Structure formats: C-alpha cells, structure tokens
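# Structural overview
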Amino acid sequence: MQADATIYHQAAGGARHQARRREAGFTLVELLVVLIILGLIAAFAAPQVIKFVGGAKTDSARIQIERLSAVLDLYRLQVGRYPGDEGLNALMEQPADAPNWDGPYLKKADSLIDPWGRPYLYRFPGEHGDYDLYTLGADGQEGGEGESRDLTSW
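Throughout what follows, the structure given in this document is the object of discussion. In this text the structure is predicted, and so the values were computed from the model without any measurement.

Here is what the cut-offs are and how they apply
Residues numbered from 1 in each chain as written. Predicted model: local features only at pLDDT ≥ 70, side-chain atom pairs only at ≥ 80, totals over all residues. Heavy atoms only, no water. Helix = DSSP H or I, 4+ residues; strand = E, 2+ residues; numbered from the N terminus. Contact = heavy atoms within 4.5 Å. Salt bridge = Lys/Arg side-chain N within 4 Å of Asp/Glu carboxyl O. Pairing = 2+ DSSP bridges. Patch = residues over 30% accessible without salt bridge, like charges linked within 9 Å, V, L, I, M, F, W, Y side chains within 5 Å. Areas by Shrake-Rupley, 256 points an atom, 1.4 Å probe, with all protein chains shown as cover. Buried < 20%, exposed > 50% of the residue type's maximum accessible area, 1.4 Å probe, protein only. Phe/Tyr/Trp six-rings, centres within 6.5 Å; stacked < 30°, edge-to-face > 60°.

## Quick word on the overall build of the protein chain
- When you go through the protein chain residue by residue, the secondary structure sums to 2 helices and 3 strands.
- Long-range contacts, defined here as pairs at least 24 residues apart, represent 38% of the contacts in the protein chain between residues at least 6 apart.

Here it is in structure tokens:
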C-alpha cells in the first residue's frame, strides 16, 4: 500500500509540475498577437515622429540663421564691413584685409552647415538687405513648402 501511495504522490506532483510549466511561458500565438499590436502602434506613430524630426530641423536652421546674422553684425562692427568674397569663412579665419578682425567668431566650422548637411548660402551685397543668408531647406532647391521651404535672414 505504501508503494502505491508513493507512486500516486509522484504522479500527482508530476502533473502539477507540468501544469506550472505550461502557465509559466507564452504560446507562439500570444507572442504573435503582441508583435502585431506593436507593429500597428509603430505604423501609426512613425509618421508623427518623422514629422516632428523634420520640424525640429527647420526650427534649428531658423535659429542658426538668426545666430549667424548676429555674428555677421558683430564682424561688421569690428572689421567695418560684412565679409565679401571670402564669404562665411571670414568668421573662422582672418582675411588679409581685415586688421581689426577679433575672431574666430564661431567655435566650430559645423556652425556654417545647415541641419541637412549643406553649407549656408551667403551673398554680399545682398538682394534683400546688406547681406543674404539662407538655406534651401530639405530638398536643396529654391522654393518649397514645409520641411523643403527656404529659410532666410530677411
């Protein structure tokens, strides 16, 4: 009788152990459902995230143009004129004909690159003011809307 009780006890313990094992993990179907839900969330959220990233680049370019405009005005106060043929490089390296140059006016040459990886465009004398400072936006072409619009100092 003792042997029968031991066998019954082991059999019952084994069944409980298997039941716990099944409860401890996830089935393949449950994992697939979770992955599908995460995919749907990502599909709806990704366009919004991309929109905000594009807007951040546009905002960054606008702020950088304002900062560069202030630096150009400081250059003019010290040198007596805006940079000419030397362009925006005059803010980093002293031109030969600028004895009152007190630069560099920028810490990094990266400040002369727009958020899309292209140099800011500078024209002196400007068509819209003393100088024109601008970027052509994400598309690199004149005109455009949204992220592709031109950002200017005027």
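## Structural notes on the pattern of salt bridges
- Taken as a whole and judged by the stated rule, the model has 5 salt bridges.
- Arg 81 is the salt-bridge partner of Asp 97, the closest N and O atoms lying 2.9 Å from each other. Note that Asp 97 is positioned in the loop between helix H2 (28-79) and strand E1 (121-123) and Arg 81 in the loop between H2 and E1, a separation of 16 residues in sequence.
- Counted as one network, the salt bridges with shared partners bring together Arg 81, Glu 86 and Asp 97.

## Notes on the sheet that holds E1
- Taken in spatial order, the 3 strands of this open sheet run E1-E2-E3, and their pairing is antiparallel. Whereas interior strands pair on both sides, the edge strands pair on one side only; in this sheet they are E1 and strand E3 (151-152).
- In this sheet, strand E2 (residues 132-135) lies alongside E1 in antiparallel orientation, the contact comprising 3 bridges. Opposite Tyr 122, over in E2, you have Leu 133 as the bridge partner.

## A look at the environment of Gly 146
- By the secondary structure assignment, Gly 146 is in the loop between E2 and E3.
- Considering only alpha carbons, one finds Gly 146 and Gly 55, 91 residues apart in sequence, at a separation of 8.2 Å.

## Considerations on a nonpolar patch on the surface
- Together, Leu 28, Val 29, Leu 32, Val 33, Val 34, Leu 35, Ile 37, Leu 38 and Ile 41 make up a nonpolar patch on the protein surface, roughly 870 Å² of accessible area in all.
- Mapped onto the secondary structure, Leu 28 falls in helix H2.
- Given the relative accessible area of 62%, Leu 28 is considered exposed.

## Quick word on the packing of aromatic side chains
- The full count for this structure, using the stated rule, is 6 aromatic pairs.
- Pairing Tyr 75 with Tyr 105 gives two aromatic rings, centres 5.6 Å apart and planes at 70 degrees, and the pair type is edge-to-face. Of this pair, Tyr 75 sits in helix H2 while Tyr 105 sits in the loop between H2 and E1, placing them 30 residues apart in sequence. For the pair shown, Tyr 75 and Tyr 105 are each scored as buried.

## So, unusual backbone geometry
- Note the cis peptide between Gly 103 and Pro 104, where omega equals 10 degrees.
- Structurally, Pro 104 can be placed in the loop between H2 and E1.

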